[in-house]
Amino acid sequence: MLSRRQKHILLKFFSMFSVIRGYNILVVVLAQYLTSIYILAYNITVKSVICDLNLLALVLASAATIAGGYIINSFYDSEKDLINRPIKSTLDRLVSQNTKLSFYFVLNFIAVILASYVSFKAVLFFSIYIFGIWFYSHKLKKLPFVGNLTSAVLTIIPFFAIFMYYKNFETVIFVHAVFLFLMISMRELTKDLENIKGDVAQNYVTIPVAYGENLSKIMLSVLAGITLVPMYLLLFYFEVGYMYLFFYLSLFLIIVFLILLWKSSTKIQYLILHNILKFIILAGVFSILLIDVSVILNRI
């Protein structure tokens, strides 16, 4: 049996893990390595990629920066989250705001130190990234369109770091990035629909708050239509191996999403839509393994 003190420490740990959304960070780390192995450095042996200390430093710096970003975002959204996510908010509040801010500065310091191992350019890159996350959390996220666009850009920036590291500028990578960007943009707008009650209460001028749910649904439908372009290109103009199964599954889920979207009007319904998009993004990470299994086995 755990003592009272041990239970308290364990609760604090889970609280901080919830604040930094550790599960999301683990997915980003996995996605960065899979992207490096299968797409960006496909001509380098798997062992060389995995054992590359510069890549490890960039991945860990990204993880630390993202964790810090979640903390500062939680700091500014604490009142709003009481309305939108009461259960999660209760868990998150087990750690004081001062402790969270201390972790925020420590994590950002660690990110810059790790980046310095790679190069001065990496330090500059992550310094700008850290500032961008803070500025988004403090100001931009309350603005319609700008907040959504900035959030989507900040989400894919960790992949841009390794993209620049390997200097692989093939067109297929750009098309993959466009698809990911569009899916994240759809998720952010759906999340705004889900959180509209808390946004109104805290004066967050998101797209649903400023222009209404119907216009938001029209925008989501347009974005869904645009995603067909990179999907079509990846299916018929580029070699993606068995990853084509993922894109056909995504097409099916996007159609389901659109059907449900125009029937949705409550928080729980928008939450379901949000989870559909999160599943597509998560499935996309693991589907990278399907690009060409035989080639990867030969590269080990």
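The notes below deal with the structure included here. (Residues numbered from 1 in each chain as written. Predicted model: local features only at pLDDT ≥ 70, side-chain atom pairs only at ≥ 80, totals over all residues. Heavy atoms only, no water.)

Counting secondary structure elements, the protein chain contains 16 helices and 0 strands. A globule of 300 residues ought to have a C-alpha radius of gyration of about 19 Å, and the protein chain, at 20 Å, matches this closely. Dimensions of the protein chain along its principal axes, counting C-alpha atoms only, are 55 × 45 × 45 Å. By the burial criterion, 46% of the 300 residues in the protein chain qualify as buried. For the protein chain, the proportion of contacts with a sequence separation of at least 24, taken over those separated by at least 6, is 78%. For the protein chain, the accessible surface area stands at approximately 15600 Å², while carbon and sulfur atoms represent 72% of it. Mean positive and mean negative side-chain charge positions of the protein chain (24 and 13 charges, respectively) differ by 8 Å. (Helix = DSSP H or I, 4+ residues; strand = E, 2+ residues; numbered from the N terminus. Rg over C-alpha atoms; globule rule 2.2 N^0.38 Å. Buried < 20%, exposed > 50% of the residue type's maximum accessible area, 1.4 Å probe, protein only. Contact = heavy atoms within 4.5 Å. Areas by Shrake-Rupley, 256 points an atom, 1.4 Å probe, with all protein chains shown as cover. Lys, Arg positive; Asp, Glu negative; His and termini not counted. Charge placed at Lys NZ, Arg CZ, Asp CG, Glu CD.)

Turning next to the packing of aromatic side chains. Using the criterion set out here, one finds 17 aromatic pairs in the structure. Pairwise contacts between aromatic rings join Phe-125, Phe-126, Tyr-129, Phe-160 and Phe-163 into one cluster. (Phe/Tyr/Trp six-rings, centres within 6.5 Å; stacked < 30°, edge-to-face > 60°.)

Close approach of charged atoms allows side chains with opposite charge to pair. Across all of its chains, the model carries 2 salt bridges by this definition. Glu-188 serves as the salt-bridge partner of Arg-187, at 2.7 Å between the closest nitrogen and oxygen. Exposure class is identical for Arg-187 and Glu-188. Each is buried. Close ionic contact of Lys-191 with Glu-188 constitutes a salt bridge, the shortest N to O distance being 3.5 Å. One end of the pair, Lys-191, and the other, Glu-188, are both in helix α10 (residues 171-194), 3 residues apart, so they sit about a helical turn from each other. Neither Lys-191 nor Glu-188 differs from the other in exposure class; each is buried. Three or more residues joined by partner-sharing salt bridges are found here, namely Arg-187, Glu-188 and Lys-191. (Salt bridge = Lys/Arg side-chain N within 4 Å of Asp/Glu carboxyl O.)

What follows concerns unusual backbone geometry. At Arg-21, a position not held by glycine, the phi torsion is positive, near 50°. Mapped onto the fold, Arg-21 is located in the loop between α1 (4-19) and α2 (22-40). Here the phi dihedral of Phe-145 falls at roughly 70°; this positive angle occurs in a residue that is not glycine. Mapped onto the elements, Phe-145 comes out in the loop between α8 (120-138) and α9 (146-166). On the accessibility criterion, Phe-145 (37% relative accessible area) is partly exposed.

Right, let's get into the nonpolar core. If you look at the biggest cluster of nonpolar residues, it comprises 49 residues, and the most contacted ones within it are Met-186, Phe-247, Phe-257 and Ile-280. Mapped onto this core, the elements with two or more residues apiece are α2, α3 (46-50), α4 (53-76), α9, α10, α13 (213-236), α14 (244-261) and α15 (267-287). When residues of this core are assigned to their parent elements, the largest contribution, 9 residues, is made by α10. Contact partners of Phe-247, with chain neighbours within four places excluded, come to His-176, Phe-179, Met-231, Leu-234 and Leu-235. With 29 residues, the next largest nonpolar core counts Val-19, Ile-66, Ile-71 and Ile-157 among its residues. (Core = buried A, V, L, I, M, F, W, Y, C linked by side-chain atoms within 4.5 Å.)

The next thing to look at is the packing of α8 against α9. Axis separation between α8 and α9 bottoms out at 11 Å; the angle between their running directions is 155°. Judged by the inter-axis angle, α8 sits roughly antiparallel to α9. In this structure, α8 meets α9 at a crossing whose hand is left-handed. Here Phe-125, Phe-126, Tyr-129, Gly-132, Ile-133 and Tyr-136 of α8 come into contact with α9, specifically with Gly-147, Thr-150, Ser-151, Leu-154, Ile-157, Pro-158, Phe-160 and Ala-161. Across the contact of α8 with α9, the residue classes tally to 10 nonpolar, 4 polar and no charged. (Axes fitted to C-alpha atoms, helices over the stretch in contact; angles between N-to-C directions. Parallel < 35°, antiparallel > 145°, perpendicular 65-115°, else oblique. Left-handed = near helix turned anticlockwise from the far one by under 90°. Nonpolar A, V, L, I, M, F, W, Y, C, P; charged D, E, K, R; others polar.)

A few words on the environment of Phe-257. Topologically, Phe-257 is positioned in helix α14. By relative accessible area, Phe-257 is classed as buried at 0%. Once you skip the residues sitting within four places of it in the chain, Phe-257 turns out to touch Met-186, Thr-190, Leu-220, Leu-273, Ile-276 and Leu-277.

Tracing the backbone through its elements, the reader meets Leu-30 in helix α2. For the pair formed by Leu-30 and Phe-238, sequence separation is 208 residues and the distance between their alpha carbons is 23 Å. In this structure, Leu-30 is in contact with Val-285 and Phe-286, ignoring residues within four places of it in sequence.

This brings us to α4. Taking 1.5 Å per residue, 24 residues should reach 34 Å; α4 reaches 35 Å between its end C-alpha atoms and fits that length. Of all 24 residues that make up α4, 17 are buried, and the element is covered over most of its length. Measuring from the backbone nitrogen of Asn-54 back to the side-chain oxygen at the start of α4 gives 2.9 Å, which picks out Asp-52 as the cap. (Expected span 1.5 Å × (residues − 1). Polar contact = N/O pair within 3.5 Å; in protein donor to acceptor, adjacent residues only side chain to side chain.)

A grouping of Leu-228, Tyr-232, Phe-236, Tyr-237, Tyr-242, Tyr-244, Leu-245, Tyr-248, Leu-251, Ile-255, Ile-259 and Leu-290 is seen on the molecular surface, where their side chains present a nonpolar patch of about 1200 Å² in accessible area. Secondary-structure elements contributing two or more residues to the nonpolar patch are α13 and α14. Looking at the element boundaries, Phe-236 is found in helix α13. (Patch = residues over 30% accessible without salt bridge, like charges linked within 9 Å, V, L, I, M, F, W, Y side chains within 5 Å.)

Geometric descriptors of this kind do not, in isolation, establish any biological role.
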